[in-house]
Amino acid sequence: MIEEEKYIKEEIAIRDHFLRQNEEAPDVKSELEKFMQTVDNRVERPHRWRMVALWTSVAAVASVLILLVMAKPFDNDDKQKNGAVVAYRAESAVANEIMFQTGDAEPVAVTQQGLHKISEEAGKTTGLQSNSTSEVRMNSLRTPSNMTATFQLPDGTVVMLNSCSRLVYPERFAHDIRKVSVEGEAYFEVAKDADRPFVVESNGVYTKALGTQFNVRARKDSPEHVTLVDGAVEVKTANGETCRLKPGDDAEIDNGKIVGVTQPDMEIFTAWRQGEFYFDNVSLGEICAEIGRWYNVSVIFNTPEIMNTKLFFVADRYSSINEVVNLLNALDKAKILFDDNQIVIE
């Protein structure tokens, strides 16, 4: 009951934030002048002199601080206090476009429209390897931060890649199996083919399907998840451990072991396809790390103890990062700042 009340309050806070965005912003300067005039009329003269002296001292200290800051080059690490935890570190020199690579050729930037053309060309073939013994070329598709990509494989299977993800697949599938590999996160709508199972390899975990819809989340910094939306899949780890999922199941794999199978809120693993951040009873650390990954900014917790605070949070992925941070602050769970390409949580 307490948890439900907490989520209701958080949802009200989010809705209140959106409603406030439709209201005219107050004239802060005039409101401040009115307030200071009221204070000035109520405070006795000796107290006013104390206030003037105080503000004079503050101004003097501020001027010294400004000189110190100007004298010292700015360092991003200044925001990271002793004992702070980096929940996500932004990648440097990352491409800001979808990149497609065929075999050993140089990767080229493509648009979503360009991907459709590549899919159409692939669809003109049977998607089967010929009997030739020549090596089959491997193609790869990589997405940058703040962008997803939808692509159709030669067999008709549709793949949607989340940001910062990579798909590798053969130019033509084998006659007895359709195998691809994924880094990051991808959603699969597998074309039915009873004679050729579809297998996704991700960090040593193999997910096998015949015709189904499922999500694979395989990131290096967190446990892997295979979430089944429709049909049936079999999950197999590198050490031979297996489990069979039914619709609504999510298998969590950590360090090559199947930790458990649960029936979570499916939106947690699929809302990204509709362009949403969606977290239900998820820790603030995980939420901020996902936001940092999407916008490719570092995330620093100067108070690590609040990382495990569980929240319900929803936001539009295509909003500005400042808007998303403001929504998080509206929950009043922590002080969150975005500055100099870093999210800092106090």
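Being a predicted model, the structure only gives us computed values, none of them experimental.

Concerning the packing of aromatic side chains
Thought 1: For the structure shown, the criterion picks out 10 aromatic pairs.
Thought 2: Taken together, a centroid distance of 6.5 Å and an interplanar angle of 70 degrees make the contact between F173 and F198 edge-to-face. Residue F173 is located in the loop between β7 (166-170) and β8 (178-189), and its partner F198 is located in strand β9 (residues 198-202); the two are separated by 25 residues in the primary sequence. Note on accessibility: F173 and F198 belong to one class, buried.
Thought 3: Linked through ring pairs, F277, F279, W294, Y295 and Y318 together constitute an aromatic cluster.

With respect to the sheet that holds strand β21 (residues 342-345)
Thought 1: Ordered in space as β1-β18-β21-β20, the four strands form an open sheet in which the pairing is mixed. Edge positions in the sheet fall to β1 (85-88) and β20 (336-339), since each has one partner strand and no second. Ignoring which end each strand starts from, the neighbouring axes of this sheet average 25 degrees apart.
Thought 2: Direction of pairing for strand β18 (residues 298-301) relative to β21: parallel, over a ladder of four bridges.

Overview of the confidence of the model for the chain
Thought 1: Residues of the chain with pLDDT of at least 70 account for 72%, and the chain-wide mean is 80.
Thought 2: Segment residues 18-26: pLDDT under 50, and two contacts once partners within four positions in sequence are set aside and those in other chains are kept.
Thought 3: Note on residues 38-78: pLDDT is under 50 here. Beyond four places in sequence and across chains, it has nine contacts.

Some thoughts on helix α7 (residues 321-330)
Thought 1: Taken residue by residue, α7 has I321, V324, V325, L327 and L328 as its buried positions. Each buried residue of α7 sits inside an arc of 155 degrees when the element is viewed along its axis, so together they form one side.
Thought 2: One or two positions beyond α7, positive phi appears at D332, with a value near 60 degrees.

Description of unusual backbone geometry
Thought 1: The phi dihedral of N146 is positive, around 65 degrees, even though this residue is not glycine.
Thought 2: Its location among the elements puts N146 in the loop between β4 (138-142) and β5 (149-152).
Thought 3: Owing to a relative accessible area of 34%, N146 belongs among the partly exposed residues under this scheme.
Thought 4: In this model, D332 sits at a positive phi of 60 degrees, which is unusual for a non-glycine residue.
Thought 5: In this fold, D332 is placed in the loop between α7 and β20.

Regarding helix α6 (residues 284-295)
Thought 1: Over its 12 residues, α6 extends 17 Å from the first C-alpha to the last, a length consistent with the 16 Å expected when each residue adds 1.5 Å.
Thought 2: Three or more residues of α6 are buried, namely L284, G285, I287, C288, A289, E290, I291, G292, R293, W294 and Y295.
Thought 3: Positive backbone phi, at 55 degrees, marks N296, one or two positions downstream of α6.

Focus: the pattern of salt bridges
Thought 1: Inspection of every chain in the model, using the stated rule, returns 12 salt bridges.
Thought 2: In this structure, the salt-bridge partner of R293 is D221, at a minimum N-O distance of 2.8 Å. A residue pair is termed long-range when its members are at least 10 positions apart, and R293 in helix α6 and D221 in the loop between β11 (213-218) and β12 (224-230) qualify at 72 residues.
Thought 3: A relative accessible area of 9% places R293 in the buried class.
Thought 4: Salt bridges linked by common partners bring E185, R217, R219, D221, E290, R293 and R317 together as one network.

Some remarks on the environment of A84
Thought 1: Its location among the elements puts A84 in the loop between α3 (45-71) and β1.
Thought 2: Taking C-alpha positions, A84 is 4.3 Å from N302, a pair spaced 218 residues apart along the chain.
Thought 3: What A84 contacts, discounting residues up to four positions off in sequence, is I300, F301, N302 and P304.

Section: the pairing of β8
Thought 1: Pairing between strand β6 (residues 158-161) and β8: four bridges, direction antiparallel. Within β8, the residue paired with L161 across the bridge is A186.
Thought 2: Taken together, the three bridges between β7 and β8 define a ladder with antiparallel strand orientation. In the sheet register, V168 faces β8, and the bridge partner there is S181.
Thought 3: Taken together, the six bridges between β8 and β11 define a ladder with antiparallel strand orientation. If you follow G184 over to β11, its bridge partner there is A218.

Rules of the game
Numbering of residues starts from 1 in every chain and runs along the sequence as written. Two thresholds apply to this predicted model, a pLDDT of at least 70 for residue-level local features and 80 or more for giving and counting side-chain atom pairs, whereas whole-chain, interface and lining totals are computed over all residues. As a rule here, side-chain values cover all heavy atoms of the structure and leave hydrogens and water aside. To pair, rings of Phe, Tyr and Trp, with the six-membered ring standing in for Trp, must have centres within 6.5 Å; the planes then decide the type, stacked if under 30 degrees apart, edge-to-face if over 60, and tilted in the middle. Secondary structure elements are taken from DSSP: a helix is a run of H or I of four residues or more, a strand is a run of E of two residues or more, and numbering for both begins at the N terminus. Throughout, exposure labels follow a simple rule: accessible area from a 1.4 Å probe, protein chains only, divided by the maximum for the residue type, with under 20% read as buried, over 50% as exposed, and the rest as partly exposed. The rule for pairing is simple: two strands pair if DSSP sees at least two bridges between them. Only the stretch in contact is used when fitting a helix axis, every axis being a line fitted to C-alpha atoms; angles between N-to-C directions are given from 0 to 180 degrees. Per-residue confidence from the predictor is reported as pLDDT, a score between 0 and 100. Note on definitions: a residue-residue contact is assigned when non-hydrogen atoms from the two residues lie within 4.5 Å. Arc definition: it is the arc formed by the directions from the helix axis to the C-beta atoms. Here the expected span of a helix is defined as 1.5 Å times the quantity of residues minus one. One speaks of a salt bridge when a side-chain nitrogen belonging to Lys or Arg is within 4 Å of a carboxyl oxygen belonging to Asp or Glu.

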